[in-house]
2 protein chains.
Amino acid sequence: MSNVTMEQLVSLCKRRGFIYQSSEIYGGLSGAWDYGPMGVELKNNIRDYWWHHMTRLQDNILGLDAAIMMHPKVWEASGHVESFTDPLVDCRSCQSRFRADQVDLESPCPVCGKQGTFTEPRDFNLMFSTHLGSVKDASSIVYLRPETAQGIFVNFKNVMQTSRVKIPFGIAQIGKAFRNEVTTKSFIFRTCEFEQLEMQFFVKPGDEDTWFEYWKENRIGYYRKLGIRPDKLRFEEHGPDELAHYAKAAFDIEYEFPMGWQELEGIHSRTDFDLGRHQEYSGKDLQYLDPETNERYIPYVVETSAGLTRTVLMVLADAYEEEELENGESRTVMKFHPSLAPVKAGIFPLVKKDGLPDIAHSIEEKLKERYAVFYDQSGAIGRRYRRMDEIGTPFAVTVDYQTKEDDTVTLRYRDSMEQKRVKISELEAVIDGEIRAYARDK
Amino acid sequence: MSNVTMEQLVSLCKRRGFIYQSSEIYGGLSGAWDYGPMGVELKNNIRDYWWHHMTRLQDNILGLDAAIMMHPKVWEASGHVESFTDPLVDCRSCQSRFRADQVDLESPCPVCGKQGTFTEPRDFNLMFSTHLGSVKDASSIVYLRPETAQGIFVNFKNVMQTSRVKIPFGIAQIGKAFRNEVTTKSFIFRTCEFEQLEMQFFVKPGDEDTWFEYWKENRIGYYRKLGIRPDKLRFEEHGPDELAHYAKAAFDIEYEFPMGWQELEGIHSRTDFDLGRHQEYSGKDLQYLDPETNERYIPYVVETSAGLTRTVLMVLADAYEEEELENGESRTVMKFHPSLAPVKAGIFPLVKKDGLPDIAHSIEEKLKERYAVFYDQSGAIGRRYRRMDEIGTPFAVTVDYQTKEDDTVTLRYRDSMEQKRVKISELEAVIDGEIRAYARDK
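Quick look at the structure, then. Model, not experiment: these values are computed from the prediction.

Reading the values: the criteria
- Residues numbered from 1 in each chain as written.
- Chains lettered and ligands numbered in written order.
- Predicted model: local features only at pLDDT ≥ 70, side-chain atom pairs only at ≥ 80, totals over all residues.
- Heavy atoms only, no water.
- Helix = DSSP H or I, 4+ residues; strand = E, 2+ residues; numbered from the N terminus.
- Buried < 20%, exposed > 50% of the residue type's maximum accessible area, 1.4 Å probe, protein only.
- Contact = heavy atoms within 4.5 Å.
- Areas by Shrake-Rupley, 256 points an atom, 1.4 Å probe, with all protein chains shown as cover.
- Pairing = 2+ DSSP bridges.
- Axes fitted to C-alpha atoms, helices over the stretch in contact; angles between N-to-C directions.
- Polar contact = N/O pair within 3.5 Å; in protein donor to acceptor, adjacent residues only side chain to side chain.
- Least-squares fit on C-alpha atoms with pLDDT ≥ 70 in both.
- Buried area = accessible area lost by both parts, 1.4 Å probe.
- Salt bridge = Lys/Arg side-chain N within 4 Å of Asp/Glu carboxyl O.
- Nonpolar A, V, L, I, M, F, W, Y, C, P; charged D, E, K, R; others polar.
- Parallel < 35°, antiparallel > 145°, perpendicular 65-115°, else oblique.
- Left-handed = near helix turned anticlockwise from the far one by under 90°.

Time to look at the overall build of chain A. The helix and strand inventory of chain A stands at 13 helices and 23 strands. Seen through its C-alpha atoms, chain A measures out along the principal axes to roughly 75 × 70 × 50 Å. When the 442 residues of chain A are sorted by exposure, 58% land in the buried category. Taking the intrachain contacts of chain A between residues at least 6 apart in sequence as the baseline, contacts between residues at least 24 apart amount to 64%. Per element, the accessible surface of chain A, about 17,800 Å² overall, is 47% carbon and sulfur.

What follows is the structure, encoded as structure tokens:
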């Protein structure tokens, strides 16, 4: 088992329609990527898996989908207008721009090599701004949200009042966020436009440590259940000087990406900072009335904040394997969990004649109501299997001459490459069972 | 059957957690809306139904998810920088601003009532712009896409080369688009931030009229299959002077919303305008090579372009009914197609004791893997049914004392309010069958 390089990933993603450079025919847009036919299915499957896990399987977590553009006061209350900044320096000689914390101001400019050319660092706000309405002045500024979390805090009262929920409860949201990152890097890992999977869990003050531990365990368990290699996952605690202004405690779940260990998800104990600030800035009462004790309080928040786009990168990197086969050939295979695989089953007639395509098409018609399937009748069967391996299709169904005699097909497994005969009428039940029982051999 | 008013809809949407005003605690943001716990499930179900219909059930349609921010040249090629404008006039007296095509320039200002105060109309571009990177000048301008379609055209070559598809084929995409509308109105019908369900179908020049007819029929059939009242759907053809610059023919599918007949979806014969322009502006060859005839050509495009957010409004309006009951009471019931309903089944123990909650919870545990379900044990059973009616839950499962004797529960139907006894072990199969067979009585 080899560790995949970023170059291998980028190449496979382009070749097999997972991820393309955005606006590629125009030379690309820095740090922006588009998801192709396989990529959008993979990303949607990860999105749906998270939503299912968080809102369906958990008790007391409700969904939300707030708009990207919010009232500008939201970002004053949250602290983003004032302090969501990076310190930047320019090289006076070549005009290159750097994050001050990423260059040594005493050293020569990394681009032109001149010494002593850096300006003083100054704050640069990472929020994208635009103007709502036809007048461009300070009063019409709106921001593209730099995080989805504030949409949840601002709707806390509405959700509480219209959904008959009691503390503790959570609100989950999936959506795009935007940060004007000076340094985009590592393929889809850090981009200006990205998607977040966020959940804010509202608890009684005093209960936050218990729930913080609960969510740490729940979230690492989630990745293990997805079949992610356990030796590539770890917790990293934020030290006291690394904590964000709103946080009492914070752990990152890190994954060992091709470029090293990096944050995949953060679990944050956010106290009552956000709701308290919104209560202050809006003048609205955001307290919770405990129906049993009649206490009123601003709930504390434990947050789980994951990146959808960087989860896609992790799933791609974790799935990638190159294997030497017994016949001396090699194959690239993406060992996705079947729940995440863009295509669940390839359906192949062994040959393009003698009625085999008709049988294969009838199986396709039946299965496509339930699964994303791919019908393919061209080329040698071995090459068709290889293509399915490269897009991570867990099952291949082959219709051959025996099918005409006994209504069985060959079911071929991506990981083991083993094959067995299955009755057409039992195909759906067999595939269902295999998806449920899947455990990757690592 | 009564026609719902917009006020009734807005009120129910707030009360039952479908849709809230965005940033409501800060007084709201004009024309922006947030989807609450019921709204996000309804919107996601519509989104998934469309995706399933377009990419799974259709042959030869692939998915895509392009970034919202694209290279600015895209919008020069598409014509949006030059001509995606509204003509605006100001009142010189009160500074109010209007779309010139919506006021009579000879009349008094509708706001201050003064005569002869309007400025000359001038063009106002509807694209939101922002700056990518830390320098704010003309070279750093990027736009928020005003439509998702261009993301498909720009990726046409990549999809074609990496997906082994032959003409005719389509590319489908769901995503947000942004238009700086001067007049937002009609609840979620026209908003600055909205979601599109778009599909571009690439055909051989000469075949476009056949495919245009195909997609017209397919798309109206889609809405009928969803159970939308047929007398509230109609086609409206664009006359020669209404056609967009890129269009050869265009039909709208209109729905009779509470505010009148309005466009729900457009079916457009876009010729080779878009790919031709992108070929010209990018200098890249965007022709298709026909593998059988060896002809090279720029494909023609037939587009189906629907609004997800306005489909949500249609589904809400279409589902709304107020009914007088035999006992003299009335009920509000949302008769959603079960595939779209935010919650599929309510699960209720008749009383909070004697082990009935345990049985109900065990049913909840089993069903929640498959469906969004809602457990509720508080209040009279009739009131619990009413709450389910208001959020459009098609089935209610009630556990009572007979359950302890014979393992049956009451299955109550939202539309007819009829009840029947079903074995717990058969519940899933019965609900599956009912969802498949559902046909609304109108």
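Once that is clear, we can look at the sheet that holds strand E20 (residues 373-375) of chain A. All names here are of chain A. Taken in spatial order, the 5 strands line up as E20-E19-E21-E22-E23 in an open sheet, and their pairing is mixed. One side of each edge strand has no neighbouring strand; the edge strands of this open sheet are E20 and strand E23 (419-423). Ignoring which end each strand starts from, the neighbouring axes of this sheet average 25 degrees apart. Examined bridge by bridge, strand E22 (residues 408-413) and E23 share 5 bridges and lie antiparallel to one another. Bridge assignment links Val409 to a residue of E23, and that residue is Val422. Taken strand by strand, helix H10 (residues 356-367) contacts strand E19 (345-349), E20, strand E21 (395-399) and E22, and its axis lies near 160 degrees from that of E19. Of the strands in this sheet, E19, E20, E21, E22 and E23 are in contact with helix H11 (residues 381-391), which crosses E19 at around 170 degrees.

All names here are of chain B. Here strand E4 (residues 85-90) runs beside strand E6 (residues 122-125); their pairing, made up of 4 bridges, is antiparallel. Counted as the bridge partner of Asp86 is Phe124 from E6. Hairpin connection, E4 to strand E5 (residues 97-99): the antiparallel pair is bridged by 6 residues, and Gln95 has positive phi, about 65 degrees.

Residues and elements named next belong to chain A. Within the fold, Thr398 resides in strand E21. Within the structure, the side chain of Thr398 is placed 2.8 Å from the side chain of Tyr385, a separation counted as a polar contact. Beyond its immediate stretch of four places on either side in the chain, Thr398 contacts Phe348, Leu350, Ile381, Tyr385, Thr403, Val409 and Thr410.

A separate point is the relation of the copies chain A and chain B. When chain A is fitted to chain B, the residual RMSD is 0.1 Å, and the transformation amounts to a turn of 180 degrees plus an axial shift of 0.0 Å. Such a turn and shift between the copies fits a two-fold axis. Proximity to the rotation axis, assessed at the C-alpha, singles out Thr130 of chain A in chain A; its C-alpha lies 2.7 Å from the axis.

The next thing to look at is the side chain of Thr271 of chain B. Residue and element names in this part refer to chain B. Within the element layout of this structure, Thr271 appears in strand E13 (residues 260-271). For Thr271, a relative accessible area of 16% gives the class buried. Among the polar contacts listed, one links the side chain of Thr271 to the backbone nitrogen of Phe273, at a separation of 3.1 Å. Sequence-distant contacts of Thr271, that is, excluding residues within four places in its chain, are made with Tyr246, Lys248, Pro299, Tyr300 and Val301.

A few words on the interface of chain A and chain B. In many analyses, interface size is given as the accessible surface area lost on bringing the parts together. Between chain A and chain B, the contact holds 84 residues from the first and 85 residues from the second. For chain A, the biggest contributors to the area lost against chain B are Ile25, Tyr26 and Arg164 of chain A; these three give 12% of the whole. Applying the counting criterion to the chain A and chain B interface returns 10 salt bridges. The partner of Asp59 of chain B in a salt bridge is Lys368 of chain A, and the shortest N-O contact between them spans 3.8 Å. The leading source of residues in the side of chain A that touches chain B is helix H2 (residues 37-56) of chain A, at 11 residues. In terms of residue class, the side of chain A that touches chain B is made up of 35 nonpolar, 23 polar and 26 charged.

A few words on the sheet that holds strand E12 (residues 249-257) of chain B. Residues and elements named next belong to chain B. If you trace the 7 strands from one edge of the open sheet to the other, you get E3-E9-E10-E16-E13-E12-E11, paired in mixed fashion. The open sheet has two free edges, formed respectively by strand E3 (61-64) and strand E11 (233-237), since each of these has just one partner strand. Between one strand axis and the next, the sheet turns by 25 degrees as a mean value, whatever way the strands run. In the packing of helix H6 (residues 156-163) onto the sheet, the strands contacted are E3, strand E9 (169-178) and strand E10 (193-203), and the crossing angle to E9 comes to about 140 degrees.

With that settled, the discussion passes to the packing of H2 of chain A against helix H7 (residues 208-225) of chain A. Two packed helices can be described by the angle between their axes and the distance between those axes. All names here are of chain A. With their axes 12 Å apart at the nearest point, H2 and H7 run at an angle of 140 degrees to one another. Put simply, H2 runs oblique to H7. Between H2 and H7 lies a crossing of right-handed hand. Note on element contacts: H7 touches H2 through Trp215, Asn218, Arg219, Tyr222 and Lys225, opposite Ile46, Tyr49, Trp50, His53 and Met54. Classifying every residue of the contact of H2 with H7 gives 6 nonpolar, 2 polar and 2 charged.

Residue and element names in this part refer to chain A. Burial analysis of strand E12 (residues 249-257) places 7 of its 9 residues in the buried class, the great majority of the element. Taken together, the 5 bridges between strand E11 (residues 233-237) and E12 define a ladder with antiparallel strand orientation. If you follow Phe235 over to E12, its bridge partner there is Ile253. Pairing between E12 and strand E13 (residues 260-271): 9 bridges, direction antiparallel. Residue pairing for E13: Ile253 is matched across the bridge by Glu265. In this antiparallel pair of consecutive strands, E12 and E13, the connection spans 2 residues.

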